[in-house]
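In case you want the letters, here they are:
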Amino acid sequence: MTYYTGKTEHFAGIGKIPFEGRKSDTPLAYKFYDANKVVAGKTMAEHLRFAVAYWHSFCGTGADPFGAGTRNFSWEKHSDPVDNAMEKLDAAFEFITKLGVPYYCFHDRDMAPAGDTVAQSEANLQKLVAAAKERQNSTGVKLLWGTANLFSHPKFMNGASTNPQFEVVAAAAAQVKAALDATVALGGENYVFWGGREGYTCLLNTDMKQEIEHMGRFLQMARDYGRSIGFKGAYLVEPKPMEPSKHQYDVDAATVIGFLKEFGLENDFKLNIEANHATLASHSFTHELQISADAGMLGSIDANRGDAQNGWDTDQFPTDIYQTTEAMMVVLQNGGLGSGGLNFDAKLRRNSTDAEDLFLAHIGGMDAFARGLEIADQLLANSALPSLKSDRYASFQSGNGLKFANGEMDLTALAALAPVNEEMPLVSGKQELIENIINQYLYK
Ligand code: XUL
Ligand code: CO
């Protein structure tokens, strides 16, 4: 992949990021992410399928409730917002190709500004999609997923598909339809639904049953429309328990899996698991991945991290190799992510204001996952970890244990097999041994 520049080089002075290995002290070089290195039969690029998030990387100014943005975008220099969007697209492809990442993802409104009418908004999006398609073709960069922003505009203050006002539900449909068209036009491999305001701020004025039924119906309609225009990829729901709503219906992976099954969506939909959403739901990232994998519904990952002292969604770039190792063990045991990948739904800190900071953040995140992949592979292939887990269940592998597991006995038969004495020999969980082995492999 050679890097792309439009008329202006927006990240001037920064070239293509090379792989230099762990001994390198060059900040703008990969230490662990070697795209072509083979691990467990596949290249790192094939395992990790990294994607750059359009919204944080090219739209997030660093503004927060207490202060204005701190990042200045060199492409924001035109009077027409569509011209700014076109130049932002150039900057995005320059960044993505310099970084050497194979995928990107976007919300409709990240890429193209809304117009005054629905028709104008759709025309803006189509113009940008045509330009994005050209840049995809000339660089080989691909679209991991598209989505619609159904949470920023004031009309979505009470939700999109779950809004108590029918007109807003219809407006959400127009946006999702156009975003599905855009995703298909760009060969997107997945389509994401994150229900940012699909929930409530006050239960006393909310008919939860009706709202959740509307959400199910809406997703069925979106699925059918996407299939009718040739979308063959996976639909993904991204769980998050709260923020911006007090309560979001897609609380966590287990809740979403139950919801998808209730509405007959389980064959078309999988889950997009975000690390910081997992912790916001009082789960670990690994827990959410494992629940999804166990249901055969692990679709894709929004790779980021929270802050242990903060309760909210800080969307920081992942750096913790212990976490990425645990995550990649689940992914490897799942046989990969299928059409999914690892999207950096992460933003720079507000005081990271140098042009190179966006590169450094992604390099760190990619290296953390690449190293996690290597360690996970070694743990699964060479350590006692897999057998320490399966040995705990050895008593269900034959005899009465197997009969029980296969549903071949009733409670009376099971009770008759109880050991005579209340005291019995117990099998250790070996947690400390497992934790010691992981630490040993982290530094091997
Ligand atoms: C918000 C979030 C979204 C989704 C896509 O917390 O994660 O950016 O990933 O809408
Ligand atoms: Co996300």
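Everything numeric here is computed off the predicted structure, so don't read it as measured data.

J.: For this particular structure, what's the right way to read the coordination of the cobalt ion (ligand 2)?
T.: At this site the cobalt ion (ligand 2) is bound by Glu238 (OE), Glu274 (OE), Asp302 (OD) and Asp345 (OD), with donor distances of 1.9 to 2.1 Å. Considering all 6 donor atoms around the cobalt ion (ligand 2), the spread of angles at the metal, 81 to 173°, places the coordination shape in the octahedral class. In primary-sequence terms, the residues that donate to the cobalt ion (ligand 2) follow E-x35-E-x27-D-x42-D. Separated by 107 residues along the polypeptide, Glu238 in the loop between β8 (234-237) and β9 (247-248) and Asp345 in the loop between β12 (342-344) and α12 (357-382) bring together distant segments of the chain. Taken individually, Glu238 and Asp345 each receive the classification buried, so the pair is uniform in this respect.

J.: Could you clarify how one ought to interpret the site of ligand 1 in this entry?
T.: In the vicinity of ligand 1, the contacting residues are Trp55, His107, Trp194, Glu238, Lys240, Glu274, His277, Asp302, Asp313 and Asp345. At a separation of 3.3 Å, an oxygen atom of ligand 1 approaches a polar side-chain atom of Trp55. Take Glu238: an N or O atom from its side chain is 2.7 Å from an oxygen atom of ligand 1. Relative to its unbound accessible area of 290 Å², ligand 1 is 93% covered by the protein chains. In the shell around ligand 1, the residues fall into 2 nonpolar, 2 polar and 6 charged.

J.: Is there a simple way to explain the pairing of strand β3 (residues 50-53) in this structure?
T.: For a regular strand, the rule is simple: side chains alternate between the two faces of the sheet. With burial as the criterion, each face of β3 is covered, one bearing Phe50 and Val52 and the other bearing Ala51 and Ala53. As paired strands, β3 and strand β4 (residues 103-107) are joined by 3 bridges and run parallel to one another. Paired with Ala53 across the bridge in β4 is Cys105.

J.: Could you clarify how one ought to interpret the nonpolar core in this entry?
T.: For soluble globular proteins, the rule of thumb is that nonpolar side chains tend to be buried together. Leu48, Leu99 and Tyr104 are the most contacted members of the largest nonpolar core, which has 119 residues in total. By residue number, the principal contributor to this core is α12, which donates 11 residues. The two domains that each donate at least three residues to this core are domain 1 (38-382) and domain 2 (385-442).

J.: Help me understand the sheet that holds strand β10 (residues 269-274), please; the structure alone is not making it clear to me.
T.: The pairing of strands in a sheet comes from backbone hydrogen bonds and takes either a parallel or an antiparallel form. Strands sit in the order β3-β4-β5-β6-β8-β10-β11-β12 around a closed barrel of 8 strands; the barrel is parallel. Neighbour to neighbour, the strand axes of the sheet diverge by 30° on average, direction disregarded. Of the strands in this sheet, β6 (190-193), β8 and β10 touch helix α7 (residues 208-228), which is tilted by about 155° from β8.

J.: What's the story with the environment of Leu360 in this structure? I'm lost.
T.: Looking at the secondary structure, you find Leu360 in helix α12. The partly exposed category is assigned to Leu360, whose relative accessible area is 27%. Not counting residues within four places of it along the chain, the set of residues in contact with Leu360 comprises Pro27 and Leu28.

J.: So what exactly am I meant to see when it comes to the side chain of Asn124 here?
T.: In this structure, Asn124 sits in helix α5 (residues 118-139). Reaching out from Asn124, the side chain makes a polar contact with the backbone oxygen of Pro113 at a distance of 2.9 Å. Setting aside chain neighbours within four positions, we find Asn124 in contact with Val82, Ala112, Pro113, Ala114 and Gly115.

J.: I keep staring at the pattern of salt bridges and nothing clicks. Help me out?
T.: A side chain with one charge may pair with a side chain of the opposite charge, provided their charged atoms come close. Taken as a whole and judged by the stated rule, the model has 15 salt bridges. Close ionic contact of Lys77 with Glu87 constitutes a salt bridge, the shortest N to O distance being 2.9 Å. In this pair, Lys77 is assigned in the loop between α2 (54-58) and α3 (81-99) and Glu87 in helix α3, connecting sequence segments 10 residues apart. Glu87 sits in the buried class, given a relative accessible area of 11%. Several salt bridges share partner residues, and in doing so they unite Arg223, Asp224, Arg227 and Asp268 into one network.

J.: It is not clear to me how a nonpolar patch on the surface should be interpreted in this structure. Could you clarify?
T.: There is a patch of nonpolar side chains on the surface, built from Tyr393, Phe396, Phe404, Leu411 and Leu414 and spanning about 500 Å² of accessible area. Tracing the backbone shows Leu414 in helix α15 (residues 411-416).

J.: Teacher, can you tell me more about the domain arrangement of the protein here?
T.: One frequently used descriptor of interface size is the decrease in accessible area upon assembly of the parts. You can read the domains of the protein as domain 1 (38-382) and domain 2 (385-442). Here domain 1 and domain 2 have C-alpha centroids that lie 39 Å from each other. Counting residues at the interface gives 10 residues for domain 1 and 8 residues for domain 2. Taken together, the two surfaces of domain 1 and domain 2 that pack against each other cover about 840 Å², and 69% of this comes from carbon and sulfur.

J.: Would you explain the side chain of Arg71 in this entry?
T.: Within the fold, Arg71 resides in the loop between α2 and α3. For the buried Arg71, no salt bridge is present, and the opposite-charge side chain at shortest range is Asp357, 8.0 Å distant. When sequence neighbours within four positions are dropped, the list of residues in contact with Arg71 reads His56, Ser57, Gly60, Thr61, Leu348 and Leu358.

J.: Hey, could you run me through unusual backbone geometry in this one?
T.: Excluding glycine, a negative phi dihedral is what most residues carry, and trans is how most peptide bonds are arranged. Cis geometry marks the peptide bond from Glu243 to Pro244, where omega comes out at 15°. Within the secondary structure, Pro244 is located in the loop between β8 and β9. Even without being glycine, Ala40 reaches a positive phi, approximately 45°. Topologically, Ala40 is positioned in the loop between β1 (38-39) and β2 (42-43).

J.: What's the story with the packing of aromatic side chains in this structure? I'm lost.
T.: Given two aromatic rings, one states the distance between the centres and the angle between the planes to describe the pair. The full count for this structure, using the stated rule, is 25 aromatic pairs. On the numbers, 6.4 Å between centres and 35° between planes, the contact of Phe193 with Tyr235 is tilted. Highlighted residues: Phe193 in strand β6 and Tyr235 in strand β8, separated in sequence by 42 residues. Taking 5.0 Å as the distance between ring centres and 45° as the angle between the ring planes, the aromatic pair formed by Phe259 and Phe263 counts as tilted. No difference in accessibility class separates Phe259 from Phe263, as the two residues are buried.

Analysis parameters
- Residues numbered from 1 in each chain as written.
- Chains lettered and ligands numbered in written order.
- Predicted model: local features only at pLDDT ≥ 70, side-chain atom pairs only at ≥ 80, totals over all residues.
- Heavy atoms only, no water.
- Donors = N, O, S within 2.8 Å, 3.2 Å for Na, K, Ca; no water.
- Tetrahedral: all angles 85-135°; square planar, octahedral: opposite > 155°, others 65-115°.
- Helix = DSSP H or I, 4+ residues; strand = E, 2+ residues; numbered from the N terminus.
- Buried < 20%, exposed > 50% of the residue type's maximum accessible area, 1.4 Å probe, protein only.
- Near = heavy atom within 4 Å.
- Polar contact = N/O pair within 3.5 Å; in protein donor to acceptor, adjacent residues only side chain to side chain.
- Areas by Shrake-Rupley, 256 points an atom, 1.4 Å probe, with all protein chains shown as cover.
- Nonpolar A, V, L, I, M, F, W, Y, C, P; charged D, E, K, R; others polar.
- Pairing = 2+ DSSP bridges.
- Core = buried A, V, L, I, M, F, W, Y, C linked by side-chain atoms within 4.5 Å.
- Domains from an automatic or database assignment.
- Axes fitted to C-alpha atoms, helices over the stretch in contact; angles between N-to-C directions.
- Contact = heavy atoms within 4.5 Å.
- Salt bridge = Lys/Arg side-chain N within 4 Å of Asp/Glu carboxyl O.
- Patch = residues over 30% accessible without salt bridge, like charges linked within 9 Å, V, L, I, M, F, W, Y side chains within 5 Å.
- Buried area = accessible area lost by both parts, 1.4 Å probe.
- Lys, Arg positive; Asp, Glu negative; His and termini not counted.
- Phe/Tyr/Trp six-rings, centres within 6.5 Å; stacked < 30°, edge-to-face > 60°.

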